[in-house]
Amino acid sequence: MIRAWSATDVRAAEEPLLAAGVPLMERAAFALATTVLADLRARRRSVRGAHVVVLAGAGNNGGDALHAGAHLARRGLAVVAVLAAERVHDGGLAALRAAGGRTVDVASDAGRVRSVVHDVAGADVVLDGLVGIGACGPLRGTGGDVVRALVADGLPGVPGDATGGPADHGPVTGRPWVVAVDVPSGIGVDDGTVPGPVLRADRTVTFGAAKPGLLLPPAAHLVGDISVVDIGLHLAGAPAVRRLAAEDVAAAWPVPGPADHKYTRGVVGVVAGTATYPGAAVLATTAAARTGAGMVRYRGSDVVARAVLAARPEVVTAPGRVQSWVVGPGVPPAADDADDGQTARGRAGLAAARGELAGLSRGPVPAVLDAGGLGLVEERCPPWFVLTPHAGELRTVLRRHGVDVHRADVEAEPLRWTRRAHELTGATVLLKGAVTVVVGPGVVYAQADAPAWLGTAGAGDVLAGILGAMLAGRAAAVVADPALAAEVAAAAALVHGLAAERATPGGPVTALDVADAVPGTVADLLTLRAAP
Ligand SMILES: NC(=O)C1=CN([C@@H]2O[C@H](COP(=O)(O)OP(=O)(O)OC[C@H]3O[C@@H](n4cnc5c(N)ncnc54)[C@H](OP(=O)(O)O)[C@@H]3O)[C@@H](O)[C@H]2O)[C@H](O)CC1
Ligand SMILES: [K+]
């Protein structure tokens, strides 16, 4: 699991050590230089004579970068520091010069920005030390001018596509390797926004702990590989954002034993699909079944039920006890009357999930509200209800609660609006996207496990089925622990992404391929479990 703490928490953890004279910057700079050398060796034979351009801002972030540049210069690399502020870190500048590094002062002569672009174009490595956790607002001044010029000259980054353009597939060749110092300069350190120009990094070397902006979209698309360097900080409080790793999901997976049966493994009730969109029902039930649900009960019209049974004969259509509900895939918004009665079935399922149907349900159970199910959120939800909107659907949920935002607002500030939807509805909210954001009571997850190929029709139906099965398998615990539904939702996003990775041959993948890849994905996960 990657745990990310806010800039404030990191500074608070640094303070006592700085006060005690612990050389944090030296530790950070040495680790940064070591990482750069390792990356260089991985990409070329010799490091001696390699060209390094250091982009140095005014603060300690620039100090880290300059001191790292000094380490590299002492190892025989050709280092030039671009001074993008009237005054940069004295100690770092002195160390770089003493080690034989060159400097180009662009802060006092903007005309030199062109020469910087030329230097960078021929460099092997660029160290982005313009600004770190002290950033406030979009990257401004000379630093902003330099990044805009570099992006205009073809380096991946922003302006333009907030994700910095398509990912480089394969080894990065023909352009410098960009290493962000602590964070890519100019991202929203605590919220993952991209308010202005940002150079997309191939690697981010972050000190003491990851920061939320490295995990949250859209900034998460600009960070490259994340290397967290231990500089001796002790971060006591709860992290602001978490990212589950495969090992975490494997450790929590409810592997059945001899005493288990379909009801202990979890029965999923699925209200999905209509005569117009029967496929969503097939995808959601297939995904639930293949994720290991003890049983799947399909609720829908006979026409759709026949399609479901043809694809998944193990699904049952009789009503009965369930441990989780999946409501809404392929069901039109509640206002639409061509819903085959699915809105009514969905409402009944959610009432059962709330534990409001005496007799039929034995107390509350978790529920997934997807697509048309999102329109059934009328009153406050318990945290074991998980909404799974994409950005457009989240906008609709927010507007229904009186918050007037546009899809573009949600995409620019996913954490803010997903958190707002959680506050307004009470439900756990999973915002689907290239990076999935999950907000529950006091907890945030950001998962980045899916290949872009997963952006295909029906993928959301499959996620809903996977999530429904995973919630059913831990239903009692999820209802008892308000934050657990968010963890299970993040885990479902990880399984969904890994299944897509397993299913894609390196090219297009269909939603049903992803659902069919779940058993093998779970099997792979279970190989990661520590031996008992
Ligand atoms: N404290 C330590 O010894 C260690 C710190 N670490 C590294 O230091 C940075 C945090 O350093 P800090 O000096 O607090 O802040 P920054 O260097 O990130 O930035 C502050 C300067 O940047 C200017 N600034 C702020 N926002 C912007 C912006 N949007 N565009 C351009 N420039 C910006 C700011 O200018 P002001 O006018 O606002 O003063 C400051 O001059 C941390 O990230 C680490 O890299 C080490 O990790 C550990 C040791
Ligand atoms: K930086």
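The protein chain appears in an unreviewed UniProt entry as Bifunctional NAD(P)H-hydrate repair enzyme from Isoptericola dokdonensis DS-3.

1. Digging into the site of ligand 1
Near ligand 1 there are 23 residues, and of these Arg11, Asn61, Asp64, Gly132 and Asp182 occur at the shortest range. One of the side-chain nitrogen or oxygen atoms of Asp64 is found 2.7 Å away from an oxygen atom of ligand 1. For ligand 1, whose free accessible area comes to 930 Å², the fraction covered by protein is 77%. If you list the elements that add at least two residues to the shell around ligand 1, you get helix H1 (7–19), helix H2 (24–43) and helix H3 (60–74).

2. Structural notes on the side chain of Gln323
Along the chain, Gln323 turns up in the loop between helix H11 (302–311) and strand S14 (324–327). Reaching out from Gln323, the side chain makes a polar contact with the backbone nitrogen of Val267 at a distance of 2.5 Å. In this structure, Gln323 is in contact with Tyr263, Gly266, Val267, Val365, Pro366, Ala472 and Ala475, ignoring residues within four places of it in sequence.

3. Considerations on the packing of helix H10 (residues 279–290) against helix H16 (residues 459–473)
Two elements in contact, H10 and H16, have axes whose closest approach is 7 Å; the angle formed by their N-to-C orientations is 35°. As for the relative orientation of H10 and H16, their crossing is right-handed in sense. Where H10 approaches H16, its residues Ala280, Leu283, Ala284, Ala287 and Ala288 are matched on the opposing element by Asp461, Val462, Gly465, Ile466 and Ala469.

4. Focus: the domain arrangement of the protein chain
What the domain assignment reports for the protein chain is domain 1 (2–243) and domain 2 (262–526). Between domain 1 and domain 2, the contact holds 13 residues from the first and 14 residues from the second. Approximately 1000 Å² of surface area, both sides summed, lies buried where domain 1 meets domain 2, with 66% of it carried by carbon and sulfur atoms. The largest per-residue losses of area from domain 1 upon contact with domain 2 belong to Pro217, Arg242 and Arg243, which jointly make up 48% of the total buried on that side. Joining domain 1 to domain 2, the criterion identifies 0 salt bridges. The tally of links from domain 1 across to domain 2 stands at 3 residue pairs in polar contact (both at pLDDT 80 or more). For the side of domain 1 that touches domain 2, the element with the most residues is strand S11 (residues 241–243), which contributes 3 residues. When grouped by side-chain class, the residues that make up the side of domain 1 that touches domain 2 number 7 nonpolar, 2 polar and 4 charged.

Criteria and thresholds
- Residues numbered from 1 in each chain as written.
- Chains lettered and ligands numbered in written order.
- Predicted model: local features only at pLDDT ≥ 70, side-chain atom pairs only at ≥ 80, totals over all residues.
- Heavy atoms only, no water.
- Near = heavy atom within 4 Å.
- Polar contact = N/O pair within 3.5 Å; in protein donor to acceptor, adjacent residues only side chain to side chain.
- Areas by Shrake-Rupley, 256 points an atom, 1.4 Å probe, with all protein chains shown as cover.
- Helix = DSSP H or I, 4+ residues; strand = E, 2+ residues; numbered from the N terminus.
- Contact = heavy atoms within 4.5 Å.
- Axes fitted to C-alpha atoms, helices over the stretch in contact; angles between N-to-C directions.
- Left-handed = near helix turned anticlockwise from the far one by under 90°.
- Domains from an automatic or database assignment.
- Buried area = accessible area lost by both parts, 1.4 Å probe.
- Salt bridge = Lys/Arg side-chain N within 4 Å of Asp/Glu carboxyl O.
- Nonpolar A, V, L, I, M, F, W, Y, C, P; charged D, E, K, R; others polar.

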